[in-house]
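# Descriptive analysis of the structure
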Amino acid sequence: MTIWLDGALRDADDARVSVFDHGLTVGDGVFETLKAEHGRTFALTRHLERLTRSARGLGLPDPDHDEVRRACAAVLEANPLPLGRLRVTYTGGVSPLGSDRGEAGPTLIVAFAGATRRPDTTAVVTVPWVRNERSAVAGLKTTSYAENVVALAAAHRAGASEALFANTVGRLCEGTGSNVFVVLDGELHTPPLASGCLGGITRALVAEWSGAKETDLPFEALEQAEEVFLTSSLRDVQAVVRIDGRELGTAPGPVTAEAMRLFDARCAEDADPRP
């Protein structure tokens, strides 16, 4: 495996980040995960724009989009795989041991790993922990992922692939690495960004293409939903067949199936749909 690190391609065994990098010591970093098929990224422009929004939210310098594009292209060329996860990580760089940021400048890493197509359906669980919609990093895609690691492990123990969070006021928010859509009375809804959820790239495209409404929903809406599906860069649109112990019947349902069809068709037409 070949990785891009601070301006150059390196073999994975030789790619080294300082133990004093702020992304390691305090989680001071942001990242993007993109789907890449046969050397071609999907929605790269949207991902770069979100990377910049997240960096600004942490007070990091704007990433150089041209450099990130070059890095992505170089890594994909060096690692020819039919389908994979392209990860762009941008951290506060070498810094003191503490929350203060150093003067060395950011670290940029681009890495790629193979993936398999996700199944069309999955199971999820709800968890007792919440997203803080008033957090300083709400809506930012930061490298501080510990609470997602804990919640996802709980999901795996329950035989599910994802865990869903409420926010601090009991409203439906998101998954550990996905956004959630629900069908209520035949209409498609997804939580608004004010819930504290991440503004997912796939979420935005699905909402735009399918006409989903951004709706502030109680967490209990999951109990009444006729259909539920998840979206993310690697899941695309994935139907939920079970939430905790509740079976949702035959999935994907008609609304989910149409969202899947639309997403696949529009992606085939345009690999970099602009905002």
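In what follows, the accompanying structure is described. Keep in mind that what you see is a predicted model, and the values were worked out from it rather than measured.

On the surface, Val19, Phe20, Leu24, Val94 and Leu97 cluster together into a nonpolar patch covering about 510 Å² of accessible area. One can find Phe20 in the loop between β2 (8-11) and α1 (22-25).

Both faces of strand β1 (residues 2-5) are covered, namely the face carrying Thr2 and Trp4 and the face carrying Ile3 and Leu5. The hairpin formed by β1 and β2 contains 2 residues between the paired strands, and Asp6 there has a positive phi angle of roughly 50 degrees. Where β1 meets strand β6 (residues 107-114), 2 bridges bridge the pair, whose relative direction is antiparallel. By the bridge assignment, Trp4 is partnered in β6 with Val110.

Within the largest apolar cluster, 21 residues are counted, with the highest numbers of intra-cluster contacts made by Trp4, Cys72, Leu86, Val88, Tyr90 and Val110. Residue assignment for this core shows that the elements contributing at least two residues are β3 (29-37), α2 (44-58), α3 (65-78), β5 (83-91) and β6. The element that contributes the greatest number of residues to this core is α3, accounting for 6 residues. Among all residues touching Trp4, those that are not within four sequence positions of it are Leu9, Glu67, Ala71, Ala74, Val75, Leu108, Ile109 and Val110.

Glancing now at the packing of α2 against α3. At their nearest, the axes of α2 and α3 sit 11 Å apart, and the two run at 130 degrees to each other. For the element pair α2 / α3, the angle class is oblique. As for the relative orientation of α2 and α3, their crossing is right-handed in sense. Only His65, Val68, Arg69 and Cys72 of α3 make contact with α2, whose side of the interface consists of Leu44, Thr45, Leu48, Glu49 and Thr52. Partitioning the contact of α2 with α3 into residue classes produces 4 nonpolar, 3 polar and 2 charged.

Definitions and limits used
Residues numbered from 1 in each chain as written. Predicted model: local features only at pLDDT ≥ 70, side-chain atom pairs only at ≥ 80, totals over all residues. Heavy atoms only, no water. Patch = residues over 30% accessible without salt bridge, like charges linked within 9 Å, V, L, I, M, F, W, Y side chains within 5 Å. Areas by Shrake-Rupley, 256 points an atom, 1.4 Å probe, with all protein chains shown as cover. Salt bridge = Lys/Arg side-chain N within 4 Å of Asp/Glu carboxyl O. Helix = DSSP H or I, 4+ residues; strand = E, 2+ residues; numbered from the N terminus. Buried < 20%, exposed > 50% of the residue type's maximum accessible area, 1.4 Å probe, protein only. Pairing = 2+ DSSP bridges. Core = buried A, V, L, I, M, F, W, Y, C linked by side-chain atoms within 4.5 Å. Contact = heavy atoms within 4.5 Å. Axes fitted to C-alpha atoms, helices over the stretch in contact; angles between N-to-C directions. Parallel < 35°, antiparallel > 145°, perpendicular 65-115°, else oblique. Left-handed = near helix turned anticlockwise from the far one by under 90°. Nonpolar A, V, L, I, M, F, W, Y, C, P; charged D, E, K, R; others polar.

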